[in-house]
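Remarks on the overall topology
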Amino acid sequence: MAIPQPGIFAIGTKAHHHLQFDLTGEPSELLACIGEIRDGNGTVAGANIVVGFAPSLTERLWPGQVPTGLADFEPIIGDGGYTMPADQHDVWIWLHGASEDAMLVVARQAVEALAGVAELAAEEQPFVYRTSLDLTGFEDGTENPPIDEAISAAVVPGGEPGAYGSVALLQRWEHDLSGFEQLSPHDQELVFGRTLVDNEELPDLDDHPSAHIARVVIEDDDGDELEVFRRSAPFGGVRVNGLMFLAFSSDRARVQTMLERMAGVDGIRDRITEYSTPTAGAWYYTPPIDLLH
């Protein structure tokens, strides 16, 4: 039976590891190596493994399986030439679990298993900050659906191309924490559109259309919110830090619209982009487990 990769929905993990690879061998060899990585991950290590493939590679592996509208990431150019850059790779592996050391062990095993088939192109080790906060101090993932509703938000419906898989967006953002921290607490709240202490939506949000929450809440023609399932986590140290933005969706369109609104394609740019800059972006298809086998 086709079921989504369970690691997408495994919440509460503290340590994360993102690996992105460029294909150097044959796709058929790649799948065999991916199977080796997944089969070698026992319950003792406790690593949740999620594997995604670039849309262009997905079409080579499983013709006709690419979700509607999904293609390799292209730069998004918004208000005043503001750009969200692309950094698309062929394969993405997301590991997350209880401890950094265990994830590092599995990450090294994954790189070794793919040697000669795919070359490591990008790596990041995010972590959970306090109570799932962004490094700005604001709560991350506030708009996430309840876990019981996350599957319908994140999984492509049956009968459609890519059914029971998921569309994944992975973006790397670098923060200007010093600049953000120079704002008054109220101005910081206006950037996000939420209060810092109790995480409540600001009552006068209509007067601040560039607030982050006003930009990223997407609705359909009936006014119902089109939800995505976010699994973002901060990364970095003293000099360079930011957020690995990770979102799963049942379709590409809603996430693409969210990115375009953040970039200000409609003329209103998200204020969060004044203090955080995207440095890389990629789309991936995370197939159901039966395709990985």
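Residues numbered from 1 in each chain as written. Predicted model: local features only at pLDDT ≥ 70, side-chain atom pairs only at ≥ 80, totals over all residues. Heavy atoms only, no water.

Another point: the overall build of the protein chain. What the protein chain contains, in helices and strands, is nine helices and 11 strands. Relative to the 2.2 N^0.38 estimate, which gives 19 Å for 293 residues, the radius of gyration of the protein chain is 19 Å and therefore close to what a compact globule would have. Taken along its principal axes, the extent of the C-alpha atoms in the protein chain is 55 × 40 × 35 Å. For the protein chain, buried positions account for 53% of its 293 residues. Taking as baseline every contact in the protein chain between residues at least 6 positions apart, the subset at least 24 positions apart corresponds to 78%. Of the accessible surface of the protein chain, which amounts to about 13,200 Å², a share of 49% is contributed by carbon and sulfur atoms. (Helix = DSSP H or I, 4+ residues; strand = E, 2+ residues; numbered from the N terminus. Rg over C-alpha atoms; globule rule 2.2 N^0.38 Å. Buried < 20%, exposed > 50% of the residue type's maximum accessible area, 1.4 Å probe, protein only. Contact = heavy atoms within 4.5 Å. Areas by Shrake-Rupley, 256 points an atom, 1.4 Å probe, with all protein chains shown as cover.)

Turning to the packing of helix α1 (residues 27-39) against helix α3 (residues 100-114), a few remarks are in order. At a minimum axis separation of 9 Å, α1 and α3 run at an interaxial angle of 155°. The angle between the axes of α1 and α3 places the two elements in the roughly antiparallel class. The interaxial crossing formed by α1 with α3 has right-handed handedness. In this structure, α1 contributes Leu30, Cys33, Ile34, Glu36 and Ile37 to the contact, and α3 contributes Ala110, Ala113 and Leu114. Partitioned by chemical class, the residues of the contact of α1 with α3 number seven nonpolar, no polar and one charged. (Axes fitted to C-alpha atoms, helices over the stretch in contact; angles between N-to-C directions. Parallel < 35°, antiparallel > 145°, perpendicular 65-115°, else oblique. Left-handed = near helix turned anticlockwise from the far one by under 90°. Nonpolar A, V, L, I, M, F, W, Y, C, P; charged D, E, K, R; others polar.)

What follows deals with the packing of aromatic side chains. Scanning the entire structure with this criterion turns up 11 aromatic pairs. Ring centres of Phe73 and Trp283 lie 6.1 Å apart, and the angle between their planes is 35°; on these two criteria the pair is classed as tilted. Remark: Trp283 occurs in strand β11 (residues 276-286) and Phe73 occurs in the loop between α2 (55-61) and β3 (76-77); sequence separation between them is 210 residues. Each member of the pair Phe73 and Trp283 is classed as buried. One aromatic cluster is present, built from ring pairs that chain together Trp92, Trp94, Phe248 and Tyr284. (Phe/Tyr/Trp six-rings, centres within 6.5 Å; stacked < 30°, edge-to-face > 60°.)

We now examine the pattern of salt bridges. Applying the stated criterion to the full structure yields seven salt bridges. Its salt-bridge partner being Glu143, residue Arg194 comes within 2.6 Å of it at the nearest N-O pair. With a gap of 51 residues between them, Arg194 in the loop between α6 (185-192) and α7 (212-216) and Glu143 in the loop between β6 (118-124) and α4 (147-154) connect regions that are remote in the sequence. Glu143 carries the same exposure label as Arg194, and that label is buried. (Salt bridge = Lys/Arg side-chain N within 4 Å of Asp/Glu carboxyl O.)

Together, Asp198, Glu200, Glu201, Asp204, Asp206 and Asp207 give the surface a local cluster of negative charge. Tracing the sequence through the fold places Asp204 in the loop between α6 and α7. We classify Asp204 as partly exposed; its relative accessible area is 32%. (Patch = residues over 30% accessible without salt bridge, like charges linked within 9 Å, V, L, I, M, F, W, Y side chains within 5 Å. Lys, Arg positive; Asp, Glu negative; His and termini not counted. Charge placed at Lys NZ, Arg CZ, Asp CG, Glu CD.)

With that settled, consider the side chain of Glu124. Mapped onto the elements, Glu124 comes out in strand β6. Side-chain polar atoms of Glu124 contact the side chain of Arg172, separated by 3.0 Å. (Polar contact = N/O pair within 3.5 Å; in protein donor to acceptor, adjacent residues only side chain to side chain.)

In the structure shown here, the tally under the stated rule is three cavities of 30 Å³ or more. By volume, the largest cavity amounts to about 430 Å³. In terms of lining, the largest cavity is formed by 23 residues, of which the most central are Asp140, Phe192, His212, Leu243 and Ile272. Among the secondary structure elements, those contributing two or more residues to the lining of the largest cavity are β7 (166-175), α7, β10 (241-249) and α8 (252-263). Its residues assigned to classes, the lining of the largest cavity comprises 11 nonpolar, six polar and six charged. (1 Å grid on protein atoms, 1.4 Å probe; cavity = no way out; pocket = protein on both sides within 12 Å on 5 of 7 lines; lining within 4 Å. Points joined across faces, edges and corners; volume = space filled by probe spheres on them.)

By the criterion of burial, β10 is predominantly enclosed, with nine of the nine residues buried. Judged from the eight bridges that link them, β7 and β10 form a sheet pairing that is antiparallel. Each bridged residue has a counterpart across the sheet, and for Leu169 the counterpart in β10 is Ala247. Inspection of the sheet shows strand β8 (residues 229-230) paired to β10 by two bridges, in the antiparallel sense. Bridged to Arg230 within β10 is Ala247. Pairing geometry for strand β9 (residues 233-236) and β10, over four bridges, is antiparallel. Bridge assignment links Ala233 to a residue of β10, and that residue is Met244. (Pairing = 2+ DSSP bridges.)

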